[in-house]
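Residue-level listing of the chains:
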Amino acid sequence: MPYDGFGARINDHYPIPHHYPGTQESPEEITVICSCGEWEFESIASAGGACDTAWGPDFEAHLNEEDYT
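Attention here is on the structure that accompanies the text. Predicted model only: the values in this text are computed from it and were never measured. (Residues numbered from 1 in each chain as written. Predicted model: local features only at pLDDT ≥ 70, side-chain atom pairs only at ≥ 80, totals over all residues. Heavy atoms only, no water.)

1. Considerations on the overall build of the protein chain
When its secondary structure is counted, the protein chain shows one helix and three strands. The N-to-C order of helical and strand elements in the protein chain reads β-β-β-α. Sorting the 69 residues of the protein chain into buried and exposed places 20% on the buried side. Sequence-distant contacts, at least 24 apart, represent 14% of the contacts inside the protein chain between residues at least 6 apart. Of the roughly 5100 Å² that the protein chain leaves accessible, carbon and sulfur atoms contribute 51%. (Helix = DSSP H or I, 4+ residues; strand = E, 2+ residues; numbered from the N terminus. Buried < 20%, exposed > 50% of the residue type's maximum accessible area, 1.4 Å probe, protein only. Contact = heavy atoms within 4.5 Å. Areas by Shrake-Rupley, 256 points an atom, 1.4 Å probe, with all protein chains shown as cover.)

Below is the structure:
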């Protein structure tokens, strides 16, 4: 089975997080995608609020809905 550059099998599901810290011109942003390309989480900080970092339960739900047979 082929492997990606991180040691995981290509067909495995694993999160790929991206964090962009906020600046005066743009807000903080967090994006997490699944290696399968079928799931994505995005959170952008609002005025007076921070990014939502609780993407774990949504990712677990994505894993549970996949057909592994």
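Resuming the write-up.
2. A look at the nonpolar core
Core analysis: the biggest nonpolar cluster contains nine residues, these being Ile 30, Val 32, Cys 34, Trp 39, Phe 41, Ala 45, Cys 51, Phe 59 and Leu 63. Looking at this core, the elements with two or more residues in it are β2 (29-34) and α1 (56-65). In terms of residue count, the dominant contributor to this core is β2 (three residues). Each residue touching Trp 39, except ones within four places of it in the same chain, is listed here: Val 32, Ile 33, Cys 34, Trp 55, Asp 58, Phe 59 and His 62. (Core = buried A, V, L, I, M, F, W, Y, C linked by side-chain atoms within 4.5 Å.)

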